[in-house]
Amino acid sequence: MKNKVLRMLIAAVAAFGMLLCASCGTNGESENGSTTVTRDASDTNDYAMNELTEMKTALSWNADWYPAKYDAQNNPVYDLYESALNIKMVNKFALNFDGYEQQITSGIITGDLPEVFFVNNKMLDELIRNDLLIDLKPYYDLWGTEELKSTLEYNKDNFAYPTRNGKLYGIPKVADDCDRATVWARKDWIDRLNSRDNSGKTIWDKENDLRYHANGPQSLEEYWDLAYAFAKEDPDGNGKSDTYGIAISKDLDATVLPIYNAYGAYPTTFVRKEDGSFENLGIKEEMKKPLQKLAQCVKDGVINSDYVNWGGQDAWSKAASGYAGLVCGPAYLPLWPLSNTLAYGGEWVASPMFAEDGKEFVQTRVRNVSGYYVVVKGYKHPEALIKILNNLATSDENNAWYKGYMAASEPAENASIFNWMPISIDRSTVNFERHTAIMHAIESYEKSGEFDFSMIEARDMVRWNQVKNYYLYKADAGWAMYKTFCEGVTVAKSYKNEGIYTDWVYSDTPTIKARSASLDDMGAQTRAKIIAGKLDISAFDDYVTDWLEGGGSKICKEMKAYVDSLSAA
């Protein structure tokens, strides 16, 4: 009887212990793999740990980011983690990215890994395959603030890749998402063309009886007409035939993709169809029309045939030097290199790109995710990662991290301070928010004679002062910031938050590893030769056949099989 009572007492204590642990928030995995996570009632701060918590992390860095008195472990940011977040950040290692990736790969084999760190797709796949990561979904659900969830979930499918069978193995590292197609046009050239005798020339701005819109082309037809005028009609007035219409690069980048997109062509995009199969839009019939248009421009001297030697930055720099009157790029292109144009009195204006059919322009888009933050099994406080991210997503200027980060960022020597952070994100809409605040301040001045800059964050006051000085006094020092936010971001914001995204964001399949480089080169050479006039447009059909037979069809099949396997995992 005594033994029976003792056994019952032990069982009761064990049951009570299990109940107690569940109510206090024991975190762990059950036998079937499901994660049980609760949040203790005493944990009421979304932005800091209740007790000092150590986190072993890893940093991809460059030594020249730090002034002599600081290094990757000892600096104001790491002090701030401890003072504001109650997190003691300890670098497991700090290496350049090649060394960083090698160290993670080695750690997967040895098990000697940091506790919380950044990974790219390839690293993430290996960590999941080796069952080394914690499911972060319950921590994200319980500790993530609405601001954090808004910025991480802002873009399409940001969580698609790190999710396997309902488990979230990585939190997306996001950046600002206003990097959208903007047409930059030489306004002084437009004004010069408008001031001439334009009898017999098409009038595009009928409202103002001007040949061209002063604020840049307002249709695809006007874009091409303006490009030809820039190349043929001496827009700089120097009496020489030394200007071109458009600056593009040899690559499928921001200088040329919008031109393809205007015709419904998406040369860098794989889409997954309803049946799960993948299709390469870069081999579709829609590619031919922009190729023919670009080829005609080279033939007619509207695009310099030397473009085949230029990357995107080369094309932007050429445009900034007075070589061409139209160039596509991001909203912030005035910050560099278009600002170089000011040296000789040039001026730029921003406008959107337009679709051939006059409908909504739909551009190639890239998800604003560069990788993921993961937590290895065994780390006791995965919620610490979420709390760090909560701080980075907040716009509350009274937040302890925010105030401390601003103070740490003030000295000029700390210009690279954002890079000192092993865990970093920006709000997806941060530049759209800046635009709203800046435009509100300007509009309030125009109505009342007083600037209402109450919406402008403390960290943006330097930007605002530059914008204001250009707005009021046309100060050259504020030109780039004014053009970026009052014109470039206005254009970026005008598009719907939509686009054509590639559905292939995964690790390389065997055939991609073996054949993609040569297939990509074949495509680049074919496009370049067609545009240069060395091949007829019919060569594109030959390229499509060669791509499919040379490994492309197999790549598409492997893509489907890979994604299907993730769903079944």
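Please read these numbers as outputs of a predicted model, since none were measured by experiment. (Residues numbered from 1 in each chain as written. Predicted model: local features only at pLDDT ≥ 70, side-chain atom pairs only at ≥ 80, totals over all residues. Heavy atoms only, no water.)

Novice: Can you help me understand the overall build of the chain in this one?
Specialist: When helices and strands are tallied, the chain shows 18 helices and 17 strands. Reported as C-alpha extents along the three principal axes, the dimensions of the chain are approximately 115 × 65 × 45 Å. Residue burial in the chain is summarised as follows: out of 569 residues, 50% are buried. Taking the contacts inside the chain whose residues are at least 6 apart along the sequence as the reference set, 72% of them involve residues at least 24 apart. The distance from the centre of the 60 positive side-chain charges to the centre of the 81 negative ones in the chain is 3 Å. (Helix = DSSP H or I, 4+ residues; strand = E, 2+ residues; numbered from the N terminus. Buried < 20%, exposed > 50% of the residue type's maximum accessible area, 1.4 Å probe, protein only. Contact = heavy atoms within 4.5 Å. Lys, Arg positive; Asp, Glu negative; His and termini not counted. Charge placed at Lys NZ, Arg CZ, Asp CG, Glu CD.)

Novice: Could you clarify how one ought to interpret empty space enclosed by the protein in this entry?
Specialist: Rolling a probe over the atoms, with the probe sized like a water molecule, indicates the empty space that remains. Following the criterion strictly, the structure yields one cavity of 30 Å³ or more and no others. There is about 50 Å³ of room inside the largest cavity. Taken together, E360, F361, V362, Q363, Y495, K496, E498 and G499 make up the lining of the largest cavity. (1 Å grid on protein atoms, 1.4 Å probe; cavity = no way out; pocket = protein on both sides within 12 Å on 5 of 7 lines; lining within 4 Å. Points joined across faces, edges and corners; volume = space filled by probe spheres on them.)

Novice: Which parts of the structure should I look at to understand the sheet that holds strand β8 (residues 171–174)?
Specialist: What holds strands together in a sheet is hydrogen bonding between their backbones, with the strands either parallel or antiparallel. Spatially, β5-β16-β8 is the arrangement adopted by the three strands of the open sheet, whose pairing is antiparallel. Each having just a single partner strand, β5 (116–119) and β8 make up the two edges of the open sheet. Across the sheet, the axes of successive neighbouring strands diverge by a mean angle of 35°, strand direction being ignored. Of the pairings in the sheet, the one linking β8 to strand β16 (residues 369–375) comprises four bridges and is antiparallel in character. Note that in β16 the partner of P172 across the bridge is Y372. On top of the sheet, helix α4 (residues 121–129) reaches β5 and β16; it is set at about 125° to β5, its chief contact. (Pairing = 2+ DSSP bridges. Axes fitted to C-alpha atoms, helices over the stretch in contact; angles between N-to-C directions.)

Novice: Mind showing me how you'd approach the pairing of strand β13 (residues 324–329) here?
Specialist: Buried residues dominate β13, accounting for six of its six residues. Bridge count for strand β9 (residues 182–186) against β13 is four bridges, and the pairing is antiparallel. Paired with A185 across the bridge in β13 is L326. As paired strands, strand β10 (residues 244–247) and β13 are joined by three bridges and run parallel to one another. Residue pairing across strands places A247 opposite V327, the latter belonging to β13.

Novice: How should the packing of aromatic side chains be read in this particular structure?
Specialist: Each aromatic ring pair is summarised here by two numbers: the centre-to-centre distance and the angle between the ring planes. Tallied over the entire structure, the rule returns 29 aromatic pairs. Pairing Y244 with Y323 gives two aromatic rings, centres 5.2 Å apart and planes at 35°, and the pair type is tilted. Within this pair, whereas Y244 is found in strand β10, its partner Y323 is found in the loop between α11 (312–320) and β13, the two being separated by 79 residues in sequence. Judged by relative accessible area, which is 24%, Y244 ranks as partly exposed. On the basis of relative accessibility, which here comes to 9%, the residue Y323 falls in the buried class. Residues Y445 and Y471 carry aromatic rings whose centres are separated by 5.9 Å and whose planes lie at 85° to one another, so their mutual orientation is edge-to-face. Here Y445 is found in helix α14 (residues 430–448), whereas its partner Y471 is found in helix α15 (residues 461–473), with 26 residues between them in sequence. (Phe/Tyr/Trp six-rings, centres within 6.5 Å; stacked < 30°, edge-to-face > 60°.)

Novice: How should I be thinking about the nonpolar core in this particular structure?
Specialist: Side chains of nonpolar character tend, in soluble globular proteins, to be buried together. Grouped together as the largest cluster of nonpolar side chains are 157 residues, with contacts concentrated most on F117, Y223 and M353. Of all the elements, helix α18 (residues 539–568) adds the most residues to this core, at 10 residues. Discounting residues that sit within four places of it in the chain, Y223 has contacts with V183, P217, I246, I259, L326, C328 and M353. (Core = buried A, V, L, I, M, F, W, Y, C linked by side-chain atoms within 4.5 Å.)

Novice: Even after reading the chapter, I still don't get the layout of surface pockets, so can you show me in this structure?
Specialist: Estimated volume of the largest pocket: approximately 1,100 Å³. Breaking the lining of the largest pocket down by element, the ones donating at least two residues are β8, α12 (383–393), α13 (400–409), α14, α15 and α16 (479–494). The residue makeup of the lining of the largest pocket, split by class, is 22 nonpolar, eight polar and eight charged. (Nonpolar A, V, L, I, M, F, W, Y, C, P; charged D, E, K, R; others polar.)

Novice: Can you walk me through the sheet that holds β10 in this structure?
Specialist: The strand order across the open sheet formed by four strands is β10-β13-β9-β14, and the pairing between neighbours is mixed. In the strand order of this sheet, the two ends are held by β10 and β14 (348–351), each with one partner. Between one strand and the next, the sheet's axes are offset by a mean angle of 20°, whatever the strand orientation. Summarising the sheet, β9 and β14 pair through four bridges and their orientation is antiparallel. Paired with W184 across the strands is A350, a residue of β14. Contacts between α11 and the sheet are confined to β10, β13 and β14, with β13 contributing the most and set at about 145° to the helix. Of the strands in this sheet, β9 and β14 are in contact with α16, which crosses β14 at around 20°.

Novice: Quick question: what am I supposed to make of the confidence of the model for the chain here?
Specialist: If pLDDT is low for a region, its predicted coordinates should not be looked at in detail. Within the chain, residue pLDDT values average 91, and 92% of them lie at 70 or more. Every residue in residues 1–26 scores below 50 in pLDDT, and together they form eight contacts with partners more than four places removed in sequence or on other chains. Note on residues 28–33: pLDDT under 50 across the span, and eight contacts to partners over four residues away in sequence or across chains. (pLDDT = per-residue confidence, 0-100.)

Novice: Which parts of the structure should I look at to understand the packing of helix α3 (residues 97–110) against α4?
Specialist: Packed helices, taken two at a time, are described by the angle between their axes plus the distance between the axes. Direction vectors running N to C along α3 and α4 enclose 10°, while the axes themselves pass 10 Å from each other. One way to sum up the angle between α3 and α4 is to call them roughly parallel. For the pair α3 and α4, the contacting residues are F97, Y100, E101, I104 and I108 in the first and K122, M123, E126 and L127 in the second. A per-class count over the contact of α3 with α4 returns six nonpolar, no polar and three charged. (Parallel < 35°, antiparallel > 145°, perpendicular 65-115°, else oblique.)

Novice: Even after reading the chapter, I still don't get a nonpolar patch on the surface, so can you show me in this structure?
Specialist: On the surface, Y332, L335 and W336 cluster together into a nonpolar patch covering about 310 Å² of accessible area. With respect to the helices and strands, the residue Y332 is situated in the loop between β13 and β14. (Patch = residues over 30% accessible without salt bridge, like charges linked within 9 Å, V, L, I, M, F, W, Y side chains within 5 Å. Areas by Shrake-Rupley, 256 points an atom, 1.4 Å probe, with all protein chains shown as cover. Salt bridge = Lys/Arg side-chain N within 4 Å of Asp/Glu carboxyl O.)

Novice: Explanation requested: the pattern of salt bridges in the structure shown.
Specialist: Within the structure shown, the criterion is met by 33 salt bridges. Residue R164 is joined to D125 by a salt bridge in which the shortest nitrogen-to-oxygen separation is 2.9 Å. Of this pair, R164 sits in strand β6 (residues 163–164) while D125 sits in helix α4; the two residues are 39 residues apart in sequence, bridging distant segments of the chain. Each member of the pair R164 and D125 is classed as buried. E285 serves as the salt-bridge partner of K288, at 3.1 Å between the closest nitrogen and oxygen.

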